[in-house]
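Residue-level structural notes
Listed below, chain by chain, are the residues.
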Amino acid sequence: MASVEPPTGTDRPAGGRPTSMRAAAPAIAMAIGFTSFGPLSAFILGSMAPLMRVDLGFSTGQQGIAVAVFFLFAATGSAFVGRPSERLGAHRALRTGMTVTIVALGAMSLVRAWWQITVVLAFAGIAHATLHVGSNLLLARSVPSGRQGTAFGIKQASVPLATLIAGTVVSLTSGFDEGWRIASEAW
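The structure reproduced in this document is the subject of the present report. What you see is a predicted model; the values in this text were computed from it and never measured.

Examining the overall build of the chain
From N to C terminus, the chain includes eight helices and zero strands. For the chain, the succession of helices and strands along the chain, N to C, is α-α-α-α-α-α-α-α. In the chain, the share of contacts with a sequence separation of at least 24, taken over all contacts with a separation of at least 6, comes to 79%. Looking at the chain as shown, the accessible area adds up to about 9900 Å², and 64% of this sits on carbon and sulfur atoms.

This is how it looks when you write it as structure tokens:
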């Protein structure tokens, strides 16, 4: 009978997943951050809508359509970005999703009409899907198989963090006399 020696000096056996949650903690923290950052475009619109509606002249119904487009593209986009994300790898997929999300947040400060908000949110929805898929790949490859349920649960529980961040931005910037664009540019 051959003896199996435990790995020395590391929690990750050669070519395998880590053997402890401690070794996987950085991946879990990254997944939380990316998952929380993805929906900020939609949440910022929701929190800044009263000021934006006055400035841009759109209705609450149009706002609802724009947010629905975000989530439609996020949901359907997941099916389309899965295979490319797997080919790129988790880190490249996450970088791509973050880049598009940051561009979308910047574009939100430049919009002049409701339809432009909707287009920006469509791209942000695809970026959100890419961030979710990339985060899932990262966790699947970084967390011990017996602990993946806990890691994915922690990641999904972080989604309300994005709402908290968006609400904090509004509360910190609501005193500006310049309007909603200043808050949007703060990102």
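A look at the packing of aromatic side chains
In the structure shown here, the tally under the stated rule is one aromatic pair. Residues Phe-70 and Phe-71 carry aromatic rings whose centres are separated by 4.8 Å and whose planes lie at 85° to one another, so their mutual orientation is edge-to-face. For Phe-70, a relative accessible area of 0% gives the class buried. Take Phe-71: its relative accessible area is 38%, and that puts it in the partly exposed class.

Examining the side chain of Thr-118
Considering the arrangement of structural elements, one finds Thr-118 in helix 5 (residues 114-142). Given a relative accessible area of 12%, Thr-118 falls into the buried group. The residues contacting Thr-118, other than those within four sequence positions of it, are Ala-66 and Val-69.

As for the packing of helix 1 (residues 21-37) against helix 6 (residues 148-157)
Geometrically, a packed helix pair is captured by the angle between its two axes and the distance between the axes. Packing of helix 1 against helix 6 brings their axes to within 9 Å, and their N-to-C directions diverge by 30°. As judged from the angle between their axes, helix 1 and helix 6 are roughly parallel. The interaxial crossing formed by helix 1 with helix 6 has right-handed handedness. Facing helix 1, whose interface residues are Met-21, Ile-28, Ala-31, Ile-32 and Thr-35, helix 6 presents Thr-150, Ala-151, Ile-154 and Lys-155. Here the residues of the contact of helix 1 with helix 6 sort into six nonpolar, two polar and one charged.

Basis of the calculations
Residues numbered from 1 in each chain as written. Predicted model: local features only at pLDDT ≥ 70, side-chain atom pairs only at ≥ 80, totals over all residues. Heavy atoms only, no water. Helix = DSSP H or I, 4+ residues; strand = E, 2+ residues; numbered from the N terminus. Contact = heavy atoms within 4.5 Å. Areas by Shrake-Rupley, 256 points an atom, 1.4 Å probe, with all protein chains shown as cover. Phe/Tyr/Trp six-rings, centres within 6.5 Å; stacked < 30°, edge-to-face > 60°. Buried < 20%, exposed > 50% of the residue type's maximum accessible area, 1.4 Å probe, protein only. Axes fitted to C-alpha atoms, helices over the stretch in contact; angles between N-to-C directions. Parallel < 35°, antiparallel > 145°, perpendicular 65-115°, else oblique. Left-handed = near helix turned anticlockwise from the far one by under 90°. Nonpolar A, V, L, I, M, F, W, Y, C, P; charged D, E, K, R; others polar.

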